[in-house]
Number of protein chains: 2
Amino acid sequence: MDDRLERYAELLVRVGANVQPGQEVVILAAPEHADTVRAVARAAYRAGARRVLPWYRDPHVRRALIEFGPEQVPGPARYLPEWIDTWDEGTALVSLSGDPSPGLFDDLDPARVAATEPFDERERYIQKVVSGVLNWVIAACPTPAWAERVLGTPDVEALWRLVGETTRLEQPDPVAAWREHGARLTGRAATLNDLALDAIRFRGPGTDLEVGLIADGRWGAAGTTTKGGIEFVPNLPTEEVFTAPDWRRTQGTVRSTMPLVLGGTTVRGLEMRFEEGRIVEVRAEAGRELIEADTTRDAQAAFLGEVALVDGSSAVGRTGRIFYNTLFDENARCHIAYGAGIETTLPALAGSEREAWLAAGINVSRTHTDFMIGGPEVDVDGIRADGGAVPLIRADRFVI
Amino acid sequence: MDDRLERYAELLVRVGANVQPGQEVVILAAPEHADTVRAVARAAYRAGARRVLPWYRDPHVRRALIEFGPEQVPGPARYLPEWIDTWDEGTALVSLSGDPSPGLFDDLDPARVAATEPFDERERYIQKVVSGVLNWVIAACPTPAWAERVLGTPDVEALWRLVGETTRLEQPDPVAAWREHGARLTGRAATLNDLALDAIRFRGPGTDLEVGLIADGRWGAAGTTTKGGIEFVPNLPTEEVFTAPDWRRTQGTVRSTMPLVLGGTTVRGLEMRFEEGRIVEVRAEAGRELIEADTTRDAQAAFLGEVALVDGSSAVGRTGRIFYNTLFDENARCHIAYGAGIETTLPALAGSEREAWLAAGINVSRTHTDFMIGGPEVDVDGIRADGGAVPLIRADRFVI
């Protein structure tokens with residue numbers, strides 16, 4: 001176990017965030033993740049980090065606020081969120097994602113859950129990660145409560161095996177395995193770029209959605225590069241190819257194909273209708289209040305920022321599990337995200353003002369929330385400018 | 001267990017910090033303390049707190065810095081320590097003291113341990129707690145590593161029983177028990193005030209120390225009051241009566257009678273020699289480097305700020321245990337502290353400038369470190385202005 005933790009930490013530090021000598025490394029985590037935080041700290045110092053700063057956040061303390069706190073929920077805390085604004089090229093970020101207890105807020109008053117959502121913090125955080133200043137990685141950290149949710153039993157060891165499989169940790173040479181896997185995904189992105197598609201169409205039960213693309217927009221995958229030139233792999237695992245759609249051009253209806261755990265709340269049966277890019281209707285069996293609060297955070301929150309393709313043959317898809325953790329579930333299924341667009345889609349615009357991004361079709365928002373819309377019953381086509389359709393995914397497998 | 005944790009949290013919030021409606025409650029803790037942090041958060045919100053902010057610090061990450069960090073240790077981290085400066089009358093503080101793993105740094109290079117000591121943070125923290133702005137409590141939180149150290153086995157349940165005994169948690173009405181205990185200690189302080197002593201003398205193996213007192217200095221005990229009038233009990237447990245000596249008037253030699261765990265390092269066999277109030281010689285079997293760094297933090301660090309009396313009949317003394325945690329060990333034995341003096345000793349000076357405190361004999365420093373000097377072989381006398389001696393403690397029992 002200890003050896004695995006050290007190897008996992010090395011993977012996060014060397015392949016994921018790619019920590020550089022002299023950097024300050026911030027580790028976002030919950031108290032349940034302490035063993036992994038400590039292993040990451042050791043790995044980061046061995047990689048030459050100048051300083052490692054763990055930042056433990058505790059969803060159970062937020063639960064106490066929702067349950068027993070004042071009727072009028074206080075505004076954002078001073079001080080800590082502003083720290084995020086100081087992160088710069090000298091900062092690397094390792095985020096141990098995943099609620100330690102997914103669905104911790106499911107039995108609570110949805111209005112109070114939405115009112116206590118740390119939007120201020122998320123906004124500052126999203127701003128940093130989409131703008132290409134930091135090298136960062138989000139990775140998961142098994143806990144008993146998460147294992148219980150995924151496997152029906154608090155078998156942390158079994159959950160670690162799934163994490164090990166999907167992150168290629170148990171391969172003889174994980175770094176080489178990642179290089180090979182990254183090349184495969186980059187090849188798929190190149191194929192999509194060559195197709196010069198005008199839109200992506202999803203069709204399945206409850207879904208008939210056309211997502212319009214940006215003419216010069218690039219598909220990306222796996223690794224990316226900071227403005228300063230540091231290569232990093234922001235998600236471990238990662239199986240998707242993605243681009244930022246034109247925020248003005250999504251049309252139709254979509255039904256999510258997996259539950260979405262967002263800040264401790266499980267959103268189930270999410271359905272949306274889009275008109276001229278905008279989400280004009282939100283329905284859900286559970287968690288609708290939170291999605292409504294999230295999609296109305298600012299004027300652009302109700303427009304798409306990302307569309308991503310992945311099929312059931314991915315390392316995550318092959319497990320056949322619902323992880324109740326977007327990092328994993330989005331790497332088993334095609335997904336879309338409303339909110340901030342991915343700036344690397346139009347590298348020529350790097351450093352531009354907000355207006356230039358919006359004019360080019362890349363959304364600018366304070367939120368970014370992914371949800372899963374692909375699956376065995378959902379066909380995916382690319383649509384060319386001439387209206388011709390190119391089958392991309394059939395029966396949950398890429399056909400390109 | 002859960003019920004005990006909730007009762008313990010109520011004791012810390014209601015009797016200890018005495019959290020007021022509308023206050024912001026900061027909880028200092030290690031990740032190992034998460035269960036208690038969460039119970040304190042619930043109790044604080046039930047008491048009307050406006051917001052609860054947990055601040056988890058991780059000594060294992062500091063260990064990683066000492067072991068694997070850069071040769072040149074970085075200066076204090078930006079941002080987090082400055083947060084302390086913003087705490088004010090609207091802030092209550094619950095500090096879950098005690099290293100989760102006492103002695104975690106004992107096998108490391110003492111020079112690097114001393115170089116990574118978060119003096120900056122401690123200084124800001126001490127400044128806040130000695131100045132009477134905050135209502136606060138320090139209390140302990142059992143962990144397996146701490147139980148291992150105290151009991152020789154990681155029996156957390158047995159350590160919880162000792163904590164329950166010494167904090168009166170298991171009494172039928174802990175609040176009433178604390179009121180009664182507080183009255184008993186306050187009575188002892190009143191007796192000492194009536195004696196109008198000029199000095200305290202400690203004599204035992206390796207110890208012949210005279211600590212000169214301030215003419216108008218008051219002895220205090222148990223509860224105290226913020227500038228704003230909130231009563232609180234800053235230490236749970238507490239068994240001592242204490243005052244600030246005249247920093248210019250300590251003379252002689254002293255040998256500590258218990259190990260001292262200071263920021264993760266165990267200091268053993270500590271001996272000091274004083275001349276005209278100043279520590280002029282420090283010896284120790286282990287940990288001397290850390291004490292030398294601490295006593296030279298500023299020009300006043302090498303002078304005393306506190307002298308406190310307690311005997312073996314105290315609730316902590318009766319356990320017969322060494323806790324490797326100053327909060328407990330200082331409540332079993334007479335102790336002294338170098339560094340900042342206790343301002344409540346001279347309430348008439350409240351709000352004065354540094355120079356006025358120093359002129360009156362109350363030390364002003366950025367540090368404050370207690371260590372244990374009493375025990376079965378150490379006699380304690382009060383010395384009157386006319387030179388006459390009043391026996392205070394004999395054979396580890398008060399005789400006043």
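Quick look at the structure, then. (Residues numbered from 1 in each chain as written. Chains lettered and ligands numbered in written order. Predicted model: local features only at pLDDT ≥ 70, side-chain atom pairs only at ≥ 80, totals over all residues. Heavy atoms only, no water.)

Secondary structure assignment for chain A yields twelve helices and 22 strands. The C-alpha atoms of chain A give 20 Å as radius of gyration, which agrees with the globular expectation for 400 residues (21 Å, within 12%). Along the three orthogonal principal directions, the C-alpha set of chain A runs to about 55 × 55 × 45 Å. In chain A, once contacts between residues fewer than 6 apart in sequence are set aside, the share between residues at least 24 apart is 76%. Working note: accessible area of chain A is about 14,900 Å², and carbon and sulfur atoms make up 48% of it. Positive and negative charge centroids in chain A, built from 43 and 60 side chains respectively, lie 1 Å apart. (Helix = DSSP H or I, 4+ residues; strand = E, 2+ residues; numbered from the N terminus. Rg over C-alpha atoms; globule rule 2.2 N^0.38 Å. Contact = heavy atoms within 4.5 Å. Areas by Shrake-Rupley, 256 points an atom, 1.4 Å probe, with all protein chains shown as cover. Lys, Arg positive; Asp, Glu negative; His and termini not counted. Charge placed at Lys NZ, Arg CZ, Asp CG, Glu CD.)

Residue and element names in this part refer to chain B. Compared with the 21 Å implied by 1.5 Å per residue over 15 residues, the 20 Å span of helix α1 (residues 2–16) between its first and last C-alpha is a close match. When we look at burial in α1, the residues that qualify are R4, L5, Y8, A9, L11, L12, V13, V15 and G16. Once α1 finishes, N18 follows within two positions and takes phi at roughly 55°, a positive value. (Expected span 1.5 Å × (residues − 1). Buried < 20%, exposed > 50% of the residue type's maximum accessible area, 1.4 Å probe, protein only.)

All names here are of chain A. Spatial strand order, β7-β11-β17-β18-β19: five strands in an open sheet with antiparallel pairing. Of all the strands in the sheet, just β7 (220–221) and β19 (368–372) have a single pairing partner and so form its edges. Where strand β18 (residues 335–339) lies against β19, five bridges are found, and the strand directions are antiparallel. The partner of I336 across the bridge, within β19, is F371. (Pairing = 2+ DSSP bridges.)

Looking now at the sheet that holds strand β4 (residues 135–140) of chain B. All names here are of chain B. Across the sheet, five strands lie side by side as β2-β1-β3-β4-β10; this open sheet has parallel pairing. Edge positions in the open sheet fall to β2 (51–56) and β10 (235–236), since each of these has one partner strand only. As paired strands, β4 and β10 are joined by two bridges and run parallel to one another. Each bridged residue has a counterpart across the sheet, and for I138 the counterpart in β10 is N235. Running at roughly 165° to β2, helix α2 (residues 34–46) makes contact with β1 (24–29), β2 and β3 (91–97) of the sheet. (Axes fitted to C-alpha atoms, helices over the stretch in contact; angles between N-to-C directions.)

Bringing the pairing of strand β19 (residues 368–372) of chain B into the picture now. Burial runs high along β19(B): five of the five residues are buried. Residues B:H368, B:D370 and B:M372 of β19(B) are buried on one face, and the alternating residues B:T369 and B:F371, pointing to the opposite face, are buried as well.

With an RMSD of 0.0 Å, the operation that places chain B on chain A is a rotation of 180° combined with a shift of 0.0 Å along the axis. Seen this way, the second copy is the image of the first under a two-fold rotation axis. It is B:P31 whose C-alpha, among those of chain B, lies nearest the rotation axis, at 2.3 Å. (Least-squares fit on C-alpha atoms with pLDDT ≥ 70 in both.)

What follows concerns the interface of chain B and chain A. Listed per partner, the contact involves 38 residues of chain B and 37 residues of chain A. Here chain B and chain A share an interface that buries about 3,400 Å² over both sides, 63% of which is from carbon and sulfur atoms. Across the chain B-chain A interface, the total number found is four salt bridges. Here A:D58 ties to B:R38 by a salt bridge, and the two come within 2.9 Å at their closest N and O atoms. Along the contact surface separating chain B from chain A lie six residue pairs in polar contact (both at pLDDT 80 or more). When contributions to the side of chain B that touches chain A are tallied by element, the ones reaching two or more residues are α2, β2, α3 (59–68) and α4 (80–85) of chain B. (Buried area = accessible area lost by both parts, 1.4 Å probe. Salt bridge = Lys/Arg side-chain N within 4 Å of Asp/Glu carboxyl O. Polar contact = N/O pair within 3.5 Å; in protein donor to acceptor, adjacent residues only side chain to side chain.)

Functional significance is not addressed by these values, which are geometric in nature.
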